[in-house]
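Residues per chain, in single letters:
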Amino acid sequence: MLASSTVFWYASRATGVVAIALLTAVIVLGIAVSRKGRLPGLPRFAGLHLHRYLSLLAVGFVAVHVLTAVADSYVSIRLAAVIIPFTSAYKPIWLGLGTVALDLIAALIVTSALRHRIGRRTWRSVHWLAYLSWPVALAHGLGASQDLRSGPLLALTAVCTAAVLATAGWRLTAAALAVPRARRVPTLMSAPQDLVRAGHR
Amino acid sequence: MRAATVSMTAASLVAAGAIAVALPSGISHHATATRSTQSSGVSGSTSGTSRSLSRPAATPTASSGTSQATSGGS
């Protein structure tokens, strides 16, 4: 049963779990649609749209997660600890990792909002931080509470980790097998001749 | 596309609600144990003893401890 006095406590934990799942989906979609990639069966703009929308949704859940953690009076978490890493009196390392993840996500939001002003190269370089924010957020979740370490939520953690690793592996393999840009034209030009030769055999 | 985003939002909210309800009962031995541990650990450092005693207890153990402390105080 949820008593009124424990609503913030459980709301913070539940929104944290959902935020991890959503951040996983954001990372997976981001990896899939990066560098002209696309999701199977979907046009690229749809993949980009889903990536952006899930990012906003994840940020919403992260915001509720943080606000309910601060609002819950059972554990004292100062507002400064939400922004400045490793300054919390309660579990400073694990909450500090959450703060680092939050700061990285904030940097991603700001640079994405200012993307047209800061230029694509700067935006892309900052956007690489997303690959850092996800494992940091997951470590925060695993260390700060025991929820993700057992039962169905452990299975969820395993699925999230496997999804990110599998998507990253798929993209890295595809990148390794791709023909370098400098060799694309000669390869394409020689392709019809190869087909003709194959037809003569 | 709009249907997909609406359904994802709804699914996320439902999941959060389901987890919040399941944490105290089903998933929750760890959650309650952690919370009672946090109570003792944090109250010492933040002088929140009276607050933690006045809160409804999350576990039977914490409940009995609270009632004893309250009756002793009164």
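Residues numbered from 1 in each chain as written. Chains lettered and ligands numbered in written order. Predicted model: local features only at pLDDT ≥ 70, side-chain atom pairs only at ≥ 80, totals over all residues. Heavy atoms only, no water.

Peer 1: What should I look at first to understand the overall build of chain B in this one?
Peer 2: In terms of helices and strands, chain B carries four helices and zero strands. Counting only residues that meet the buried cut, chain B has 31% of its 74 residues in that class. Put simply, chain B shows about 4200 Å² of open surface, and 64% of that area lies on carbon and sulfur atoms. (Helix = DSSP H or I, 4+ residues; strand = E, 2+ residues; numbered from the N terminus. Buried < 20%, exposed > 50% of the residue type's maximum accessible area, 1.4 Å probe, protein only. Areas by Shrake-Rupley, 256 points an atom, 1.4 Å probe, with all protein chains shown as cover.)

Peer 1: I'm lost on the side chain of Thr9(B) in this one. Help?
Peer 2: Tracing the backbone shows Thr9(B) in helix α1 (residues 2-25). Apart from residues no more than four positions distant in its own chain, Thr9(B) is found in contact with Tyr53(A) and Leu57(A). (Contact = heavy atoms within 4.5 Å.)

Peer 1: Can you walk me through the confidence of the model for chain B in this structure?
Peer 2: Fine structural detail should not be taken from predicted coordinates in areas where pLDDT scores are low. All names here are of chain B. Averaged over chain B, the pLDDT score is 58; the fraction of residues at 70 or greater is 32%. Mean pLDDT in chain B bottoms out at helix α3 (residues 49-54), which sits at 35, and peaks at α1, which reaches 88. Every residue in residues 27-33 scores below 50 in pLDDT, and together they form 15 contacts with partners more than four places removed in sequence or on other chains. Considering only residues more than four positions removed or in separate chains, one finds that residues 36-74, a stretch of pLDDT under 50, has 34 contacts. Confidence metrics for the complex model read pTM 0.73 and ipTM 0.74. (pLDDT = per-residue confidence, 0-100.)

Peer 1: What's the story with the pattern of salt bridges in this structure? I'm lost.
Peer 2: Proximity of charged atoms lets side chains of opposite charge pair with each other. Residue and element names in this part refer to chain A. Scanning all chains against the criterion turns up one salt bridge over all chains. Close ionic contact of Arg13 with Asp147 constitutes a salt bridge, the shortest N to O distance being 2.6 Å. You can see Arg13 sitting in helix α1 (residues 7-33) and its partner Asp147 sitting in the loop between α7 (129-144) and α8 (151-177), a full 134 residues away along the chain. (Salt bridge = Lys/Arg side-chain N within 4 Å of Asp/Glu carboxyl O.)

Peer 1: It is not clear to me how unusual backbone geometry should be interpreted in this structure. Could you clarify?
Peer 2: Peptide bonds are mostly trans, and most non-glycine residues show a negative phi. Residues and elements named next belong to chain A. Positive phi values are uncommon outside glycine, yet Phe86 reaches one of about 65°. As for its placement among the helices and strands, Phe86 is situated in the loop between α3 (79-83) and α4 (92-113). The exposure class assigned to Phe86 is partly exposed, which follows from its relative accessible area of 43%. Not every positive phi belongs to a glycine, and Lys91 is a case in point at roughly 45°. Looking at where Lys91 falls in the secondary structure, it is placed in the loop between α3 and α4.

Peer 1: Whenever I open this one, the side chain of Ser12(A) confuses me. Can you help?
Peer 2: Structurally, Ser12(A) is set in helix α1. Setting aside chain neighbours within four positions, we find Ser12(A) in contact with His65(A), Thr68(A) and Ala69(A).

Peer 1: What is the right way to read the packing of α1(A) against helix α2 (residues 44-71) of chain A from this model?
Peer 2: In helix packing, the relevant descriptors are the interaxial angle and the interaxial distance, both defined with respect to the helix axes. Residue and element names in this part refer to chain A. Between α1 and α2, whose axes approach to 8 Å, the crossing angle comes to 155°. With respect to α2, the element α1 is oriented roughly antiparallel. When the axes of α1 and α2 are compared, the crossing they make is left-handed. Of the residues contributing to the contact of α1 with α2, the split by class is 20 nonpolar, nine polar and one charged. (Axes fitted to C-alpha atoms, helices over the stretch in contact; angles between N-to-C directions. Parallel < 35°, antiparallel > 145°, perpendicular 65-115°, else oblique. Left-handed = near helix turned anticlockwise from the far one by under 90°. Nonpolar A, V, L, I, M, F, W, Y, C, P; charged D, E, K, R; others polar.)

Peer 1: What is the right way to look at the packing of aromatic side chains in this model?
Peer 2: For any pair of aromatic rings, geometry is given as the distance between the ring centres together with the angle between the planes. Residue and element names in this part refer to chain A. Taken as a whole and judged by the stated rule, the model has one aromatic pair over all chains. Measuring from ring centre to ring centre gives 5.2 Å for Trp128 and Tyr131, while their planes differ by 40°; the resulting arrangement is tilted. Sitting over the ring of Trp123, Arg115 keeps its end group 3.8 Å from the ring centre. The aromatic ring of Trp170 is capped on one face by Arg171, whose charged end is 5.9 Å from the ring centroid. (Phe/Tyr/Trp six-rings, centres within 6.5 Å; stacked < 30°, edge-to-face > 60°. Lys NZ or Arg CZ within 6 Å of the ring centre and 35° of its normal.)

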